[in-house]
Amino acid sequence: MICLQGGAEFGADCFAMDAALVQEAHRRGRTGPIVISALAGAPGREYDTANNNGIRHFSAIVESLTSDHEPLSVVAAPDARADSAGALAALESASIIVLPGGSPSRLLSALQDFGIDALLRQFLRDGGLLMGASAGAMVLCERTWLPDRGRIADGLGLVPHALVLPHWSPDGLSRLASFGGAGTGITVLGLPEQSGVMVENTDSGTTFTAHGARESTIVEANGPTHAVRVGDCLTLPARIGP
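My aim in this report is to walk through the structure given alongside it, one point at a time.

Conventions used here
Residues numbered from 1 in each chain as written. Predicted model: local features only at pLDDT ≥ 70, side-chain atom pairs only at ≥ 80, totals over all residues. Heavy atoms only, no water. Disulfide = S-S within 2.5 Å. Buried < 20%, exposed > 50% of the residue type's maximum accessible area, 1.4 Å probe, protein only. Pairing = 2+ DSSP bridges. Helix = DSSP H or I, 4+ residues; strand = E, 2+ residues; numbered from the N terminus. Axes fitted to C-alpha atoms, helices over the stretch in contact; angles between N-to-C directions. Phe/Tyr/Trp six-rings, centres within 6.5 Å; stacked < 30°, edge-to-face > 60°. Parallel < 35°, antiparallel > 145°, perpendicular 65-115°, else oblique. Contact = heavy atoms within 4.5 Å. Nonpolar A, V, L, I, M, F, W, Y, C, P; charged D, E, K, R; others polar. Core = buried A, V, L, I, M, F, W, Y, C linked by side-chain atoms within 4.5 Å.

A look at the state of the cysteines
Logical step 1: Counted under the stated rule, the structure contains zero disulfides.
Logical step 2: The thiol of Cys 141 is unpaired, and the distance to the nearest cysteine sulfur, on Cys 3, comes to 12 Å.
Logical step 3: Overall, Cys 141 belongs to the buried group, its relative accessible area being 0%.

What follows is the structure, given as structure tokens:
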């Protein structure tokens, strides 16, 4: 399961959405910590501030939940740009990995340069839960928009055939078109702030369940546009071939 969010993460309207991730980790019998890694931020103050905001947010969620399970701890990973071995060890131990927003270019480079992209793929195969907000959501998809580089690029592909437009507004698609569009066969996920979708991939297709403050907009490749209300889900059939 991957949770993609549109930005303004760790706000009040994200509480129920992120609590659902924690409850799913309990359901799966996960006992490792919730690990925040704000690699979309610059090293130093930006990295530390985003991590601390995430720790406060998820700690409040953990404290609010009544469960027979041992409460999950919440920690920040060391900055991989300064301590790659420490970062990888922290992320490997996680039940939930959280990638906050910032620069998608900076985040994508860090994930690829330090082998975290491969770690995330194995983490999901092993039943881990992954949350990305804004830049964090963008780079997890097959295609990602890199505004500072003026182009569309390959993302990590953990959400296939998709591209996220965070901080969603109706002019997002026109701005995307000015960069050459999402690409052939790519579904665009328009995610408002403090809102998002839980993504579950199966052999039959991909299901998007809307959470948070506002409905999410899903624009199928060469197909219709769906307004998915909070609590509703949309399943798109699996694609065959490229």
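Observations regarding the sheet that holds strand E2 (residues 34-36)
Logical step 1: Overall, mixed pairing links the eight strands, which are arranged E3-E2-E4-E5-E1-E10-E11-E14 in an open sheet. Bordering the open sheet on either side are strand E3 (74-76) and strand E14 (233-237), each of which pairs with just one other strand. Ignoring strand direction, the axes of neighbouring strands in this sheet form an average angle of 20 degrees.
Logical step 2: Of the pairings in the sheet, the one linking strand E10 (residues 195-202) to strand E11 (residues 205-212) comprises eight bridges and is antiparallel in character.

Section: the packing of aromatic side chains
Logical step 1: Under the definition given, this model contains one aromatic pair.
Logical step 2: Each ring, one from Phe 10 and one from Phe 58, has its centre 6.3 Å from the other, and the planes form 75 degrees; the classification is edge-to-face. In this pair, Phe 10 sits in the loop between strand E1 (2-5) and helix H1 (15-27) while Phe 58 sits in helix H2 (residues 45-64), placing the two residues 48 residues apart along the sequence.
Logical step 3: Looking at Phe 10, the relative accessible area reads 16%, which means it is buried.

Details of the packing of helix H3 (residues 84-92) against helix H5 (residues 116-125)
Logical step 1: Orientation of H3 relative to H5, taken along the N-to-C sense of each, is 10 degrees, at an axis distance of 11 Å. When the axes of H3 and H5 are compared, the pair comes out roughly parallel. Across the interface between the two elements, Leu 88, Leu 91 and Glu 92 from H3 touch Ile 116, Leu 119 and Phe 123 from H5.
Logical step 2: Class assignment of the residues belonging to the contact of H3 with H5 gives a composition of five nonpolar, no polar and one charged.

Concerning the nonpolar core
Logical step 1: Grouped together as the largest cluster of nonpolar side chains are 56 residues, with contacts concentrated most on Leu 4, Ile 97, Leu 111, Leu 120 and Leu 140.
Logical step 2: Top contributing element to this core by residue count: helix H6 (residues 135-140), with five residues.
Logical step 3: Ala 19, Val 62, Val 74 and Met 131 belong to the second largest nonpolar core, which has 21 residues in total.

A short note on the environment of Gly 11
Logical step 1: Checked against the element boundaries, Gly 11 lands in the loop between E1 and H1.
Logical step 2: Exposure remark for Gly 11: the relative accessible area of 17% places this residue in the buried category.
Logical step 3: Residues Gly 11 and Asn 53, spaced 42 residues apart in sequence, show a C-alpha to C-alpha distance of 9.5 Å.
Logical step 4: Excluding residues that lie within four positions of it along the chain, Gly 11 makes contacts with His 57 and Gln 194.

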